[in-house]
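Examining the three-dimensional arrangement
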Amino acid sequence: MSDPQRLPQAEITELELGYMRLSDAAPLIMAKDAGLFARYGLDVSLHREVSWANLRDKLVVGKLDAAQLLAPLPMMTNLGAGGIRGSLMTGLALGLNGNAITLSNRVWESLELHYPDSAPDPLRVVQKLRSKLQQTGQTITLATVHAFSMHTILLRRWLQAGGIDLDHDVRLLVLPPEQMCDSLARGVIDGFCVGEPWNTVAVEQGIGTVAASGYHLWNNAPEKVLGVTEQWHQSHPATHLRLRLAIMEACKLLTELDAREHIAEVMSQKCYLDLPQRLLLPSLTGQFRFAKNAAPVSIPQFHVFWQYQAGFPWRSQAQSILKLSEQLLGKTLSEEERRALVQQSWRPDLYREAARWLGETSPSRDSKTENEHSQEWEFEPGIVLGADRYLALP
């Protein structure tokens, strides 16, 4: 824990911070609830937004000082992909994992698969889905939260791993997270990839079954980041530092189960997520239910906020995101273009700066090997990282 009195003086102290109605907004709400923003001399107002596009646009035009963002968005917005161009950057990741793929009960039951006390095998499920689509000649309509999101990357890779033709067998839509369950219930879509708690909401409402958790598709995938504009950072470096420090302390608090149970109660309030605590607890506690009448399955890494250097914005992960997004972009970026974009958008130097103030260790290099580890491994002395495998393609 750092001494706020020794920090550079904040350029501004009143901040507007945007977030989405998702369980992995926990670090931001914890920083507010635990008085960490105030401890660092910041008066932060949290604003819940309804869509990722809305959140991004408000950040770009200056209506927000900072925001919870999808990990690909800083790079994609710098490219001008997705309808708006702006110089966005991040010096802090907000966590790993947190998503899942849910299918309507009608589709799930047609697959004739049963996992009463274990997590479904993602590859087996999608292979059965391919067979069913081939037998019936039907297509399936699935939704994701934004064209340039980890959700889209995970969903597309899952479908491709099963041999499903993305151009002919699937119709992909973009919907705000909180509209997923209603659209599933009304039959507008057959499934979705979304962050928690909306998969749990679908299960508890009896309208869906979770086919795969995000962790089982890409172990410890980057998910959300704290985004600011480059101009805002340059004008307010000390304020930005204090903001990162407060959120990093909140992330560390969330390593404790008691803290997660507490923040689930706080987030259930009308001013935050406005959902029952029981719907927030499964993913936050790692006791996740894939189907209505199934036993909870232990997935302790469903949300990772601090462990495995979760806050470090690895440039190698940013490179992986870019490579996996090329089909969405409709073009191939040169190695030089990718490198320049990653260096502009992902700033591990800012994480190291904050970690030094907190007395925490951080990686000495900006990149690591990706998709090579199926268990914990030591990156360098004192730096232990988690598994990083993602679903292989045929």
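The structure under discussion appears in the preceding block.
Described in the following lines is the structure provided in the data block.

Quick notes on the rules
- Counting restarts for each chain, with residues numbered from 1 along the sequence as it is written.
- Where totals are concerned, whole chains, interfaces and linings use all residues; where local detail is concerned, this predicted model gives features only for residues with pLDDT of at least 70, and gives and counts side-chain atom pairs only at 80 or more.
- Each side-chain value is worked out from all heavy atoms of the structure, with water and hydrogens disregarded.
- The numbering of helices and of strands both runs from the N terminus, where a helix is a DSSP run of H or I of at least 4 residues and a strand a run of E of at least 2.
- What the globule rule says is 2.2 Å times the number of residues to the power 0.38, and the radius of gyration is computed from C-alpha atoms.
- Partly exposed residues are those whose accessible area sits between 20% and 50% of the maximum for their type, while under 20% is buried and over 50% is exposed, using a 1.4 Å probe and protein chains only.
- Only heavy atoms matter for contacts: two residues are in contact if any of them lie within 4.5 Å across the pair.
- Areas reported as accessible are Shrake-Rupley estimates using a 1.4 Å probe. Residue values count occlusion only from the protein chains shown.
- When charges are counted, Lys and Arg contribute as positive and Asp and Glu as negative, whereas His and the chain ends are disregarded.
- All charge positions are set by atom: Lys at NZ, Arg at CZ, Asp at CG, Glu at CD.
- Strands are treated as partners if at least two bridges between them are detected by DSSP.
- Simply put, an axis is a line fit to the C-alpha atoms, just over the touching stretch for a helix, and the angle between two N-to-C directions goes from 0 to 180 degrees.
- Residue types Ala, Val, Leu, Ile, Met, Phe, Trp, Tyr and Cys, when buried and joined through side-chain atoms within 4.5 Å, form a set referred to as a nonpolar core.
- Within 6.5 Å between ring centres, the rings of Phe, Tyr and Trp (the latter by its six-membered ring) count as paired, and their orientation is classed by plane angle as stacked under 30 degrees, edge-to-face over 60, tilted in between.
- Here, over-ring charges are defined by two tests on the NZ atom of lysine or the CZ atom of arginine: distance to the ring centre within 6 Å, and angle to the ring normal within 35 degrees.
- Orienting the strands away from the viewer, one traces the path from the first strand over the helix to the second; a clockwise path indicates a right-handed crossover.
- Under this scheme an angle from 65 to 115 degrees is roughly perpendicular, one under 35 degrees roughly parallel, and one over 145 degrees roughly antiparallel; angles in between are oblique.
- Crossings are sorted by hand: turned counterclockwise from the far helix by less than a right angle, the near helix makes the crossing left-handed, and turned clockwise it makes it right-handed.
- Note on residue categories: nonpolar means Ala, Val, Leu, Ile, Met, Phe, Trp, Tyr, Cys or Pro, charged means Asp, Glu, Lys or Arg, and polar means any other residue, Gly included.

1. Observations concerning the overall build of the protein chain
- A count of helices and strands for the protein chain gives 18 helices and 15 strands.
- Relative to the 2.2 N^0.38 estimate, which gives 21 Å for 394 residues, the radius of gyration of the protein chain is 20 Å and therefore close to what a compact globule would have.
- Here the C-alpha coordinates of the protein chain stretch approximately 65 × 45 × 40 Å along the principal axes.
- Expressed as a percentage of the 394 residues in the protein chain, the buried residues total 60%.
- A fraction of 75% describes how many contacts in the protein chain between residues 6 or more apart in sequence connect residues 24 or more apart.
- Carbon and sulfur atoms make up 44% of the accessible area of the protein chain, which totals about 15,500 Å².
- Computed over 38 positive and 44 negative side-chain charges, the separation of the two mean positions in the protein chain equals 3 Å.

2. Considering the sheet that holds strand S1 (residues 14–20)
- Ordered by their spatial adjacency, six strands build an open sheet running S2-S1-S3-S10-S4-S13, and the pairing between neighbours is mixed. Strands at the two margins of the open sheet, each flanked by one partner only, are strand S2 (43–49) and strand S13 (303–304).
- Here S1 runs beside S2; their pairing, made up of seven bridges, is parallel. Residue pairing for S2: Leu-17 is matched across the bridge by Leu-46.
- In this fold helix H3 (residues 52–60) packs onto S1, S2, strand S3 (66–70), strand S4 (88–97) and strand S10 (222–229), with an angle of close to 140° to the strand it touches most, S3.

3. Some words on the nonpolar core
- Counting residues in hydrophobic clusters, the biggest one holds 72 residues, and the most contacted among them are Leu-129, Trp-158, Leu-159 and Phe-192.
- Element by element, the count of residues in this core is highest for helix H7 (residues 150–161), at seven residues.
- Excluding its chain neighbours within four sequence positions, the residues that come into contact with Phe-192 are Ala-100, Ile-101, Thr-102, Leu-142, Ala-143, Met-180, Cys-181, Leu-184, Trp-198, Asn-199 and Ala-202.

4. Concerning the pairing of S10
- Across the eight residues of S10, eight count as buried, placing the element largely inside the fold.
- Bridge analysis of S3 against S10 gives four bridges, and the strand direction is antiparallel. Its bridge partner lying in S10, Leu-69 is registered against Val-225.

5. Examining the environment of Leu-253
- For Leu-253, the position within the fold is in helix H12 (residues 237–253).
- Judged by relative accessible area, which is 39%, Leu-253 ranks as partly exposed.
- As for Leu-253 and Ala-34, which are separated by 219 residues in sequence, their C-alpha atoms are 9.5 Å apart.
- When residues no more than four places from it in sequence are discounted, the contact partners of Leu-253 are Met-30, Ala-34, Leu-36 and Ala-259.

6. Overview of the packing of aromatic side chains
- Scanning all chains against the criterion turns up eight aromatic pairs.
- Their ring planes at 85° and their centres at 5.2 Å tell us that Phe-288 and Phe-290 sit as a pair that is edge-to-face.
- The class for Phe-288 is buried, based on a relative accessible area of 0%.
- Where Phe-312 meets Trp-314, the ring centres are 4.6 Å apart and the plane angle is 65°; that geometry is what we call edge-to-face. Grouping residues by exposure puts Phe-312 and Trp-314 together as buried.
- Taken together through their ring pairs, the aromatic side chains of Phe-312, Trp-314, Tyr-351, Trp-377 and Phe-379 make up a single cluster.
- The positively charged end of Arg-39 is found above the aromatic ring belonging to Tyr-40, 5.2 Å away from the centroid.

7. Let's talk about the pairing of strand S7 (residues 170–174)
- The sheet contact formed by strand S6 (residues 140–144) and S7 spans five bridges and is parallel. Bridge assignment links Thr-144 to a residue of S7, and that residue is Val-174.
- With respect to chirality, the unit in which S6 leads through H7 into the neighbouring parallel S7 is right-handed.

8. Some points on unusual backbone geometry
- Going from Glu-196 to Pro-197, the amide bond is cis rather than trans, its omega being 15°.
- Relative to the assigned elements, Pro-197 resides in the loop between strand S8 (191–195) and helix H9 (198–204).
- One non-glycine residue with positive phi stands out, namely Tyr-308, at about 60°.
- With respect to the helices, strands and loops of the structure, Tyr-308 is situated in the loop between S13 and helix H15 (315–324).
- You can call Tyr-308 buried: its relative accessible area is 9%.
- Of note, Asn-371 is a non-glycine position whose phi angle comes to about 60°, a positive value.
- Its place among the elements puts Asn-371 in the loop between helix H18 (348–358) and strand S14 (377–380).
- The class of Asn-371 is partly exposed, set by a relative accessible area of 23%.

9. A look at the packing of helix H13 (residues 257–267) against helix H14 (residues 277–285)
- Two elements in contact, H13 and H14, have axes separated by 9 Å at closest approach and are oriented at 150°. Between H13 and H14, the angle falls in the class roughly antiparallel. Pair H13 / H14 crosses with right-handed handedness. Within the contact between the two elements, H13 uses Leu-257, Arg-260, Glu-261, Ile-263, Ala-264, Glu-265 and Met-267 and H14 uses Gln-277, Leu-280, Leu-281, Leu-284 and Thr-285.
- The residue inventory of the contact of H13 with H14, partitioned by class, reads seven nonpolar, two polar and three charged.

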